Amino acid sequence: MKLELNVVSANYQKILLISILGIGDFVMVILTSWLVWTTQFGRGILNSDARTVFVFFAPDVLLTAIAFVIIFALTGLYDRDHLFGGTKEYGLIFQSCNYGMVAVVLTSYLDKSQPISRDWLLSFWATSIIVVGATRFFMRRLFFLLRRSRGWFIQKTLLVGVNDHAMMIAGQIKEQAAG
């Protein structure tokens, strides 16, 4: 049984996968920052001494998004072994967002020129976990669709042996959906 791989190289697919995930995470962290700010400060829900014009937060939001992507990379969220892993990937998202919030809190503690609302921090933390997790869920569905329709993200597998167990495994991984 021979499974043909798509002509697009596996390295290109891996680079594309990690790039899309990194850009998606970066955009979602920025979107989460804006969403939480708009919900709390833009609508006047919170009374705070912090500046309430989002433009003042823009450089901090960009640095936060960059820090989150770096933390995601360091915790293994872009490692091929952890991708498409379901609960393992979601656990890493939770852990990485926690580390990201620790970085934000430490940065805000060291830089006293821009006070940050504790309510905003709590809302940003919870929302970032939900938004990044949901984005990864939908991206996983997109990548599974590419796997089934185009044969992308399939790893070569070598089975040693020809007994009944090896034939059963070969039958399971013959389907492109198995990856």
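Positions within a chain are numbered from 1, following the residues in the order the chain's sequence is written. Reporting in this predicted model follows two pLDDT cut-offs: at least 70 for local features of residues, and 80 or more for side-chain atom pairs to be given and counted; totals over whole chains, interfaces and linings ignore these cut-offs and use all residues. With hydrogens and water set aside, each side-chain value is computed from the structure's full complement of heavy atoms.

Draft legend 1. Region of interest: the overall build of the protein. Each helix is a run of H or I in the DSSP string that is no shorter than four residues. Each strand is a run of E no shorter than two, and both are numbered from the N terminus. Secondary structure assignment for the protein yields 5 helices and 0 strands. Counting helices and strands in the order they occur from the N terminus, the protein gives α-α-α-α-α. When a residue's accessible area, from a 1.4 Å probe over protein chains only, is under 20% of the maximum for its type it is buried; when over 50% it is exposed; and in between it is partly exposed. The proportion of buried residues among the 179 residues of the protein is 37%. Here, residues are in contact when the closest pair of their heavy atoms is within 4.5 Å. Considering only intrachain contacts with a sequence separation of at least 6, the fraction spanning at least 24 residues in the protein is 74%.

Draft legend 2. Up close: the nonpolar core. By convention a nonpolar core is built from buried Ala, Val, Leu, Ile, Met, Phe, Trp, Tyr and Cys residues, the set being connected through side-chain atoms within 4.5 Å. The biggest cluster of nonpolar side chains holds 26 residues, and the ones touching the most others in it are Leu 21, Phe 68 and Phe 72. Mapped by element, the contributors of at least two residues to this core are helix H1 (10-42), helix H2 (54-75), helix H3 (87-110) and helix H4 (118-150). Per-element accounting of this core gives the leading share, 8 residues, to H4. Excluding residues that lie within four positions of it along the chain, Phe 72 makes contacts with Asp 25, Leu 77, Tyr 78, Ser 96, Cys 97 and Val 132.

Draft legend 3. Structural view of the pattern of salt bridges. The term salt bridge refers to a pairing of a side-chain nitrogen on Lys or Arg with a carboxyl oxygen on Asp or Glu at a separation within 4 Å. Tallied over the entire structure, the rule returns 3 salt bridges. The salt bridge partner of Glu 89 is Arg 136, with a shortest N-O separation of 2.7 Å. With Glu 89 in helix H3 and Arg 136 in helix H4, the pair connects residues that are 47 residues apart, well separated along the chain. A relative accessible area of 2% means that Arg 136 is categorised as buried. For Glu 89, the salt bridge identified is with Arg 140, shortest N-O distance 2.8 Å. One end of the pair, Glu 89, is in helix H3; the other, Arg 140, is in helix H4, and 51 residues separate them in sequence. Salt bridges here are not isolated pairs; linked through shared partners, they connect Asp 25, Glu 89, Arg 136 and Arg 140.

Draft legend 4. Structural detail: the confidence of the model for the protein. pLDDT runs from 0 to 100 and stands for how confident the predictor is about each residue. Here the protein averages 78 in pLDDT, while 74% of its residues score no lower than 70. Mean pLDDT values for the elements of the protein range from 73 in helix H5 (residues 164-174) up to 88 in H3. Throughout residues 1-6 the model reports pLDDT below 50, and contacts reaching past four residues in sequence, or to other chains, amount to 14 contacts.

Draft legend 5. Examining a nonpolar patch on the surface more closely. Together, Leu 63, Ile 66, Ile 70 and Leu 74 make up an exposed nonpolar region whose accessible area comes to about 440 Å². Among the secondary structure elements, Leu 63 is positioned in helix H2. Residue Leu 63 is classed as exposed on the basis of its relative accessible area of 58%. Patch construction takes residues with relative accessible area above 30% that form no salt bridge. Like charges are linked within 9 Å, and nonpolar side chains (Val, Leu, Ile, Met, Phe, Trp, Tyr) are linked within 5 Å. Computed with the Shrake-Rupley method and a 1.4 Å probe, the accessible areas treat only the protein chains shown as cover for residues.

Draft legend 6. Region of the structure containing the environment of Ala 103. With respect to the element layout, Ala 103 can be found in helix H3. For the pair Ala 103 and Phe 68, spaced 35 residues apart in the sequence, the C-alpha separation amounts to 8.8 Å.

Draft legend 7. Region of the structure containing the environment of Ser 19. Counting through the fold element by element, Ser 19 comes out in helix H1. The spacing of Ser 19 and Tyr 78 is 59 residues in sequence and 9.1 Å in space, taken between C-alpha atoms. A distance of 2.8 Å separates the side chain of Ser 19 from the backbone oxygen of Ile 15, its partner in a polar contact. Any N or O atom pair separated by 3.5 Å or less is treated as a polar contact, with the protein-specific requirement of one donor-capable and one acceptor-capable atom, and with residues adjacent in sequence counted only for side-chain atom pairs.

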